[in-house]
Each structure stands twice: as C-alpha cells, then as structure tokens.
Amino acid sequence: MAGMGEITSAARLRALPSLAGPLPGFDPDAAPADPDELFGHWLAEAVEAGVVEPHAMTLSTVDPTGRPSARVLILKYLVDGCWAFATGSGSRKGKELADTPWAALTFYWPAPGRQVRVRGAVSPASADESAADFLARSPGARGAGLVGNQSEPLSGLAERDRVLDDATGRAAADPGLVAPEWTVYRVVADEVEFWQGDERRRHVRLSYTRDGDGWVRRLLWP
Ligand SMILES: Cc1cc2nc3c(=O)[nH]c(=O)nc-3n(C[C@H](O)[C@H](O)[C@H](O)COP(=O)(O)O)c2cc1C
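Predicted, not measured: the structure shown is a model, and the values here were computed from it.

**Overview of the overall build of the protein**
And then number 1: The secondary structure content of the protein amounts to seven helices and nine strands.
And then number 2: A principal-axis box enclosing the C-alpha atoms of the protein has dimensions of 55 × 55 × 40 Å.
And then number 3: Per-residue burial for the protein yields a buried fraction of 36% across its 222 residues.
And then number 4: Taking the contacts inside the protein whose residues are at least 6 apart along the sequence as the reference set, 64% of them involve residues at least 24 apart.
And then number 5: Of the accessible surface of the protein, which amounts to about 12,700 Å², a share of 55% is contributed by carbon and sulfur atoms.
And then number 6: Taken as two groups, the 24 positive and 30 negative side-chain charges of the protein have centres that lie 6 Å from each other.

**Re the nonpolar core**
And then number 1: In terms of nonpolar packing, the biggest core is built from 29 residues, with W83, V116 and V192 touching the most fellow members.
And then number 2: If you list the elements that add at least two residues to this core, you get α3 (35–48), β1 (56–62), β4 (82–88), β5 (102–109), β6 (114–124), β7 (182–196) and β8 (204–211).
And then number 3: With five residues, β7 is the single largest residue contributor to this core.
And then number 4: Ignoring sequence-local partners within four residues, the contact set of W83 consists of F39, L75, Y77, L78, L105, F107, V118, Y185, R186, V187, A189 and V192.
And then number 5: Ranked by size, the runner-up nonpolar core spans ten residues in total, among them A86, A125, F134 and A171.

**Quick notes on the site of the ligand**
And then number 1: Around the ligand, the structure places E53, R71, V72, L73, I74, A86, T87, S91, R92, K93, Q150 and S151.
And then number 2: Within the backbone of V72, an N or O atom sits 2.6 Å from an oxygen atom of the ligand.
And then number 3: I74 is positioned with one of its backbone polar atoms (N or O) 3.4 Å from an oxygen atom of the ligand.
And then number 4: Protein contact buries 66% of the 630 Å² of open area that the ligand shows by itself.
And then number 5: Going through the elements one at a time, β2 (68–74), β4 and α4 (92–99) are the ones with two or more residues in the shell around the ligand.
And then number 6: In terms of residue count, the dominant contributor to the shell around the ligand is β2 (four residues).

**A closer look at the pattern of salt bridges**
And then number 1: Taken as a whole, this structure holds eleven salt bridges when the rule is applied.
And then number 2: For E6, the salt bridge is made with R12, and the minimal N-O distance between the two is 3.3 Å.
And then number 3: What makes E6 partly exposed here is its relative accessible area of 48%.
And then number 4: Because the salt bridges share partners, they merge into one network encompassing R117, E193 and R205.

**Describing the UniProt feature "domain: Pyridoxine 5'-phosphate oxidase dimerisation C-terminal" (unreviewed entry) in the protein**
And then number 1: The positions UniProt marks with the feature "domain: Pyridoxine 5'-phosphate oxidase dimerisation C-terminal" (unreviewed entry) are residues 182–222.
And then number 2: Secondary structure content for residues 182–222 is 0% helix and 73% strand, while the C-alpha to C-alpha distance between its ends is 39 Å.

**Quick word on the environment of K93**
And then number 1: Position of K93 relative to the elements: it lies in helix α4.
And then number 2: In sequence terms K93 and S69 are 24 residues apart; their C-alpha atoms lie 8.0 Å from each other.
And then number 3: Residue contacts for K93: discarding those within four places in its chain leaves L59, R71, L73, T87 and Q150.
And then number 4: Of note is the side chain of K93, whose polar atom sits 3.0 Å from the side chain of Q150.

**Notes on the packing of helix α6 (residues 139–147) against helix α7 (residues 157–173)**
And then number 1: Relative to each other, α6 and α7 sit at 115 degrees, their axes nearing to 7 Å. Between α6 and α7 lies a crossing whose hand is right-handed. Where α6 abuts α7, its residues P139, G140, R142, G143, A144, L146 and V147 lie against V163, L164, A167, T168 and A171.
And then number 2: Looking at the contact of α6 with α7 residue by residue, the class counts come to eight nonpolar, three polar and one charged.

Calculation notes
In this numbering scheme, every chain counts its residues from 1 along its sequence in written order. Restriction of local features to residues with pLDDT of at least 70 applies here, the model being predicted, together with a cutoff of 80 or more for giving and counting side-chain atom pairs; totals for whole chains, interfaces and linings are based on all residues. Excluding hydrogens and water, the side-chain figures rest on all heavy atoms present in the structure. Only DSSP runs of H or I covering at least 4 residues are called helices, and only runs of E covering at least 2 are called strands; the numbering of each starts at the N terminus. Buried means the residue's accessible area, taken with a 1.4 Å probe over protein chains only, is under 20% of the maximum for its type, while exposed means over 50%, and partly exposed covers the values in between. In what follows, a contact means two residues having at least one pair of non-hydrogen atoms within 4.5 Å. Computed with the Shrake-Rupley method and a 1.4 Å probe, the accessible areas treat only the protein chains shown as cover for residues. Here the positive residues are Lys and Arg and the negative ones are Asp and Glu; neither His nor the chain ends is included. Working definition for charges: the position is that of NZ of Lys, CZ of Arg, CG of Asp or CD of Glu. Residues belong to one nonpolar core when they are buried, are Ala, Val, Leu, Ile, Met, Phe, Trp, Tyr or Cys, and are joined through side-chain atoms within 4.5 Å. Working definition: residue near molecule or strand if any one of its non-hydrogen atoms lies within 4 Å of it. Two N or O atoms count as a polar contact when they lie within 3.5 Å, although within protein this holds only if one can serve as hydrogen donor and the other as acceptor, and sequence-adjacent residues are included solely when both atoms are side-chain atoms. Put simply, a salt bridge is a Lys or Arg side-chain nitrogen that is within 4 Å of an Asp or Glu carboxyl oxygen. UniProt positions are given in the numbering used here, feature names are shortened, and annotations may be inferred rather than shown by experiment. Fitting a line to C-alpha atoms yields each axis, with helices limited to the stretch in contact; the angle taken between N-to-C directions then spans 0 to 180 degrees. Crossings are sorted by hand: turned counterclockwise from the far helix by less than a right angle, the near helix makes the crossing left-handed, and turned clockwise it makes it right-handed. Charged residues are taken to be Asp, Glu, Lys and Arg, nonpolar residues to be Ala, Val, Leu, Ile, Met, Phe, Trp, Tyr, Cys and Pro, and polar residues to be all remaining types, Gly included.

Take a look at the structure:
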C-alpha cells in the first residue's frame, strides 16, 4: 500500500481541513430549557445538512480496571432524557455495562461542525421492550442477533456466513423468535453538552446538568 506512511504523517494530517465551514453558528441564549428539545433541533438540522447516519453515535464504556472502550451504535430513541441503543448483553459492551453501568455517548456532525456529548447511568429496558425492538428488525438483522456471539473470536468468514445463513433462515421461518440476549439499554443523561464549532475557533459549548426535575445550563470555555 504505497503512501500509507505518508498519509498518516503529521504534515499530511495537518494539511487536512477541519471545521473549515461555512458553519451555522449557535446562540446559547436562545437554547431551550430541555436538552432533548435542543438535540431534536440539531438532529433535524443535521438531516437537512445531508449528514449521513446522523443517528450514529460513539458509545464509550469502561472495563473493571477502568480502561475505556468505544464503538459506534445507532440511537434508537431519545425520550424524557433517556437515550436508547440496542445490542447483545453478551457482547463486550454488554459485559462492561453489567459491571460498570455508566456510559458516554458522542455524536459528531461534520457539515454543521457540531458535537453532542452525553453522560449518564445505564440500565436495561424491560424484556418486553427489548423483544419488541428485536422483532422490528429485518430477518437478516434478527439472524445476526440470534447468533449472539458478538465480540467473540471468529475462525473465518466462511464460518460467519454459515452460522448467519442458518440463523437468518430460522428468523425468517419464525417471525416471533426473539434472541434472549438482545437488549435495549437506556442512558439516563445527567450531563448533555452541545458543542458548536467555529471557523475562527470561537467554539460555543453549552452544558446541561441535571438538577432535580430540571436542568442547569452553563457555558464552558472552548
Ligand atoms: C454506523 C454503525 C452502526 C452500528 N450500530 C450498531 C447497533 O445499533 N448495535 C450494535 O450492537 N452494534 C452496532 N454497530 C457495531 C458496533 O460498532 C460494534 O462493532 C459491535 O456492537 C461490537 O462492539 P463491542 O465488541 O464493543 O461489544 C454499528 C456500527 C456502525 C459503524
């Protein structure tokens, strides 16, 4: 792979633009009292700006020694300060959350130069909710969920295809079949930060922290 060393050099990376704009700006004085509402506005604007997969977010968890691990997931819903995602409880993230039920979520939308950071306690939704989420998936996605080996070592792609074909067949034959490990998790946010990038590096950071039934808003130094 010619040039791979080059492209990762400090000089080549420095030459790649970041936050080049034009960026939309953000008036924190006009921000709503509830971060869910602001997230809704920003998500709608990301969709309008043509951001691909704007509902994709990085989920960060820690292992029992405090070592972090992060991966991209899809946001399932945001309701009443609960940010939901779905995955297998036996996966690496599932095990980490069983041990340390805290997580951070990070969204980044390049076109408007916006980042949203969420932190909070994590708990599984009810078995009924997880089952309903599972059953709403396509047969292929249900097949993948039925396998339930996420994050385990795999001997080769042929094994993947054999096991997935079998599981997808079972999912298609029995539309009511639910993977026992499939779990909707809810992050109950205690902090949500909205970050608006600025071409001149005068970024705006508005942090919401939970305070009883409401939220306290604060600006942060960029
Ligand atoms: C755009 C995108 C969306 C994804 N959505 C999900 C998801 O909703 N649930 C999931 O379990 N994995 C999803 N993945 C895969 C995860 O990033 C990850 O590889 C997998 O869940 C295993 O993570 P773990 O080993 O840390 O448990 C997605 C990956 C990408 C790139």
